[in-house]
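The primary structure of each chain is shown beneath.
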Amino acid sequence: IPQSILISDVQAASPAAEAGLEIGDKIKGVKLQEEEFFQESDLKNFTAFAKSNAGREVVVQILRSGETKEFRVVPRINPPAGQGALGVLLVESGFPRYSNPLRSLWEGLEVSWEIIRLMLQFLGQLVFRVFSGQKVDFSQFTGPVGITKITAEVSTLGILHLLQFFAFISLNLAVLNILPFPALDGGRLLFLAIEAIKGSPLPKKFEKYANAAGMALLLALMVLVTIKDVINLF
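Notes on the structure in this doc start here. (Residues numbered from 1 in each chain as written. Predicted model: local features only at pLDDT ≥ 70, side-chain atom pairs only at ≥ 80, totals over all residues. Heavy atoms only, no water.)

Moving on: helix H7 (residues 204–233). Counted at 1.5 Å a residue, the expected span for H7 with its 30 residues is 44 Å, and the 43 Å between its end C-alpha atoms agrees. Residues of H7 that are buried include every one of Glu-207, Ala-210, Gly-214, Val-225 and Asp-229, and no others. If you follow the buried residues of H7, they end up packed against helix H4 (144–155) and helix H6 (185–198). (Helix = DSSP H or I, 4+ residues; strand = E, 2+ residues; numbered from the N terminus. Expected span 1.5 Å × (residues − 1). Buried < 20%, exposed > 50% of the residue type's maximum accessible area, 1.4 Å probe, protein only. Contact = heavy atoms within 4.5 Å.)

Our next topic: the pattern of salt bridges. If charged atoms from side chains of opposite charge come close, those side chains can pair. Per the counting criterion, the structure on display carries eight salt bridges. Notably, a salt bridge pairs Arg-103 with Glu-107, separated by 3.6 Å at the nearest N-O pair. Highlighted residues: Arg-103 and Glu-107, both in helix H3 (residues 101–131), separated by four residues, approximately one helical turn. Arg-103 gets classed as partly exposed once you look at its relative accessible area, which sits at 44%. Its relative accessible area of 22% is what places Glu-107 among the partly exposed residues. With a shortest N-O distance of 3.3 Å, Lys-228 and Asp-229 are connected by a salt bridge. Judged by relative accessible area, which is 5%, Asp-229 ranks as buried. (Salt bridge = Lys/Arg side-chain N within 4 Å of Asp/Glu carboxyl O.)

Taken together, the side chains of Ile-159, Leu-160, Leu-163 and Phe-166 define a hydrophobic patch exposed on the protein surface, amounting to about 380 Å² of accessible area. With respect to the helices and strands, Ile-159 occurs in helix H5 (residues 159–177). (Patch = residues over 30% accessible without salt bridge, like charges linked within 9 Å, V, L, I, M, F, W, Y side chains within 5 Å. Areas by Shrake-Rupley, 256 points an atom, 1.4 Å probe, with all protein chains shown as cover.)

One face of the sheet, then the other: side chains in a regular strand alternate in exactly this way. Burial of strand E1 (residues 4–10) is extensive: five of the seven residues sit out of reach of the surface. With six bridges connecting them, E1 and strand E6 (residues 88–93) associate as antiparallel partners. Bridge pairing in E6 places Val-10 opposite Val-88. When E1 meets strand E2 (residues 26–32), the two strands line up antiparallel, connected through two bridges. Considered in E2, the bridge of Leu-6 is made with Lys-26. (Pairing = 2+ DSSP bridges.)

Take the packing of aromatic side chains next. Throughout the structure, instances matching the rule amount to one aromatic pair. Each ring, one from Phe-191 and one from Phe-206, has its centre 6.0 Å from the other, and the planes form 65 degrees; the classification is edge-to-face. With Phe-191 in helix H6 and Phe-206 in helix H7, this residue pair connects regions lying 15 residues apart in the sequence. You can call Phe-206 partly exposed: its relative accessible area is 45%. (Phe/Tyr/Trp six-rings, centres within 6.5 Å; stacked < 30°, edge-to-face > 60°.)

Following this line, the structure appears as structure tokens:
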């Protein structure tokens, strides 16, 4: 997947927001006034360029929906705490191409495992915060409606980015499905493990009611998340 820098968030009232930069814009280059654009795929160098030219007008070249556009932005000299000079959050996207297919396969496995590790880490932190009474931000959760909206946005970046997003969703579903929760495959594995430890099957009625309760909770969660997604569309 071609390596690039994407804008993942634009902070309100920032130079980027005032200039018209949007979430999903792919940064192709940046320059001072009429100088030549320097093409930059390195996040650290791009951020350093904006910071070192605070107070001076820079031209940012982006790719949006297949169209190349230019925006004039003046990076802030003293940005608010937690924000950068431009007021955007950037993510590095894509992976380098390898001539050796075996290395490509290995690199893909490493990236996939890292994504799975981060998902499990996030879920563990979420469970800890819930049971410790800490505040949990559920605004980042999304369901089928939200995923459809995100898919439409990702599709504007090209087929390779869309395939990468589908792979991410597949890994996400795999992690969720293996959790030891009734009605999921992970719940079934948990019941089998309990049977192996106790040496006899669990009562069928217990499994039936546990799976029914688990399914009810999952459906209720899906309804709530879908309502949130629909509200966010308007």
